[in-house]
Amino acid sequence: MYQYKDLSVQDVHKIEEIDAEWFIHKAWRQKNGELFLAEINWLEKELPNGLPWHKEHFVNSLEGGGKAIGCFNNDTMVGYAVLDADLFGKNKEYLLLDQIFISKNDRNHGIGKELFHRLCQSAIQLGAKKLYICSASAEETVAFYRGLGCIDATEVNEVLYALDPRDIQLEYIL
């Protein structure tokens with residue numbers, strides 16, 4: 001049913017096919033240095049930061065030597081993931097998993113897991129030892145990454161953290 005393929009800069013318009021609507025019941029928040037689950041009951045109707053932001057990052061990642069993989073149901077893209085190619089960290093061992101989104105009606109079918117593992121292979125080919133993830137703080141998102149084996153980042157990228165301090169900084173050892 002689902003088909004996966006490498007994406008190019010010319011595929012950036014396919015992001016518009018993703019139905020990113022998502023109801024977030026609980027999210028991780030920080031108080032006095034401790035994380036706790038807070039009830040937020042928020043309906044996210046589009047990609048966080050907006051479609052133009054995601055398109056720009058998609059193009060920048062690919063033009064910088066990164067990788068993007070799409071998941072298709074017939075000719076409609078129902079999921080995609082993007083990996084940056086710029087190694088960073090004290091030992092230059094991290095690559096950023098910049099984006100991963102699955103359409104509302106196609107979630108919980110293993111697409112995110114498959115995209116994640118495919119990008120892990122690409123990250124290894126690009127010389128990374130770890131993936132870096134700025135995970136949205138939604139309970140389900142963090143649980144998804146932790147279920148894949150992600151752990152708290154041992155080396156927090158302060159620039160990425162500053163972009164959204166509510167994100168949970170994670171890593172995945174390749």
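Notes on the structure follow.

About the thresholds
- All residue numbers refer to positions counted from 1 along the written sequence of the respective chain.
- pLDDT decides what is reported in this predicted model: residues at 70 or higher carry local features, side-chain atom pairs at 80 or more are listed and counted, and totals for whole chains, interfaces and linings draw on all residues regardless.
- Side-chain numbers here rest on the full set of heavy atoms in the structure, without hydrogens or water.
- Only centres within 6.5 Å qualify two rings of Phe, Tyr or Trp (six-membered ring in Trp) as a pair; their planes then separate them into stacked at under 30 degrees, edge-to-face at over 60, and tilted for everything else.
- Secondary structure is summarised from DSSP: a helix means a run of H or I of at least four residues, a strand means a run of E of at least two, and numbering begins at the N terminus for each.
- Burial classes: relative accessible area under 20% of the type maximum marks a residue as buried, over 50% as exposed, and values in between as partly exposed (1.4 Å probe, protein chains only).
- The criterion is that NZ of a Lys, or CZ of an Arg, lies within 6 Å of the ring centre and within 35 degrees of the ring normal, and then a charge sits over that ring.
- A pair of strands counts as paired when DSSP detects no fewer than two bridges linking them.
- In this analysis, two residues are considered to be in contact whenever any of their non-hydrogen atoms come within 4.5 Å of each other.
- Inter-axis angles, ranging from 0 to 180 degrees, are taken between N-to-C directions of lines fitted to C-alpha atoms, where helices are fitted over the stretch in contact.
- For salt bridges, the criterion is a side-chain nitrogen of Lys or Arg within 4 Å of an Asp or Glu carboxyl oxygen.
- Residues grouped as a nonpolar core are buried Ala, Val, Leu, Ile, Met, Phe, Trp, Tyr and Cys residues, joined through side-chain atoms within 4.5 Å.
- Each polar contact in these results corresponds to two N or O atoms within 3.5 Å; when the atoms are within protein, one needs to be able to donate a hydrogen and the other to accept it, and residues that are neighboring in sequence are counted only if both atoms are side-chain atoms.

## Describing the packing of aromatic side chains
Centre-to-centre distance and the angle between the planes together describe a pair of aromatic rings. Inspection of the entire model under this criterion finds eight aromatic pairs. Ring geometry for phenylalanine 58 against tyrosine 80: centres 6.3 Å apart, planes inclined by 65 degrees, an arrangement best described as edge-to-face. Taken together, the residues span a long stretch of sequence, with phenylalanine 58 in helix H1 (residues 51–63) and tyrosine 80 in strand E5 (residues 76–83) at a distance of 22 residues. Under the relative-accessibility criterion, tyrosine 80 is labelled buried at 0%. Pairwise contacts between aromatic rings join Phe116, Phe144, Tyr145 and Tyr172 into one cluster. Looking at lysine 5, its charged tip hangs above the ring of phenylalanine 72, at a distance of 5.1 Å from the centre.

## Observations concerning the pairing of strand E3 (residues 34–44)
In the sheet, strand E2 (residues 22–31) pairs with E3 via nine bridges, with the strands oriented antiparallel. The partner of lysine 31 across the bridge, within E3, is glutamate 34. Linking E2 to E3, which pair antiparallel, is a turn of two residues; within it asparagine 32 sits at a positive phi near 55 degrees.

## Here we look at the sheet that holds strand E9 (residues 168–173)
An order of E1-E4-E5-E6-E7-E9-E8 is seen for the seven strands of this open sheet, with the pairing classed as mixed. Among the strands making up the open sheet, the edge pair consists of strand E1 (2–6) and strand E8 (151–152). Pairing between strand E4 (residues 67–73) and E5: seven bridges, direction antiparallel. Across the sheet, the residue bridging to cysteine 71 is glycine 79, located in E5. Contacting E4, E5 and strand E6 (94–102), H1 crosses the sheet at an angle of about 140 degrees to E6.

## A short note on the pattern of salt bridges
In this structure the tally under the stated criterion is nine salt bridges. For the salt bridge of lysine 104 with glutamate 21, the shortest nitrogen-to-oxygen distance reads 3.1 Å. Here glutamate 21 lies in the loop between E1 and E2 and lysine 104 lies in the loop between E6 and helix H2 (111–125), a separation of 83 residues in the sequence. Glutamate 171 is the salt-bridge partner of lysine 130, the closest N and O atoms lying 3.3 Å from each other. Of this pair, lysine 130 sits in strand E7 (residues 130–135) while glutamate 171 sits in strand E9; the two residues are 41 residues apart in sequence, bridging distant segments of the chain. Residue classification places lysine 130 among the buried positions, given a relative accessible area of 12%. Judged by its relative accessible area of 1%, glutamate 171 is buried.

## Considerations on the nonpolar core
Ranked by internal contacts, the top residues of the largest apolar core, which has 26 residues, are Phe116, Leu131, Ile133 and Tyr145. Elements represented by at least two residues in this core include exactly E4, E5, E6, H2, E7, helix H3 (139–147) and E9. When residues in this core are grouped by element, the largest group, six residues, is from H2. Leu7, Ala20, Ala68 and Met77 belong to the second-largest nonpolar core, a separate cluster that totals 15 residues.

## Here we look at the environment of lysine 104
Residue class for lysine 104 comes out partly exposed when judged on its relative accessible area of 36%. Considering only alpha carbons, one finds lysine 104 and leucine 51, 53 residues apart in sequence, at a separation of 16 Å. Among all residues touching lysine 104, those that are not within four sequence positions of it are Asp19 and Glu21. A distance of 3.1 Å separates the side chain of lysine 104 from the side chain of glutamate 21, its partner in a polar contact.

## Some words on unusual backbone geometry
The phi angle at asparagine 41 is positive, at roughly 45 degrees, despite the residue not being glycine. Considering the arrangement of structural elements, one finds asparagine 41 in strand E3. In this structure asparagine 41 comes out as partly exposed when scored by relative accessible area, which is 37%. The backbone of asparagine 49 shows a phi angle near 75 degrees, a positive value even though the residue is not glycine.

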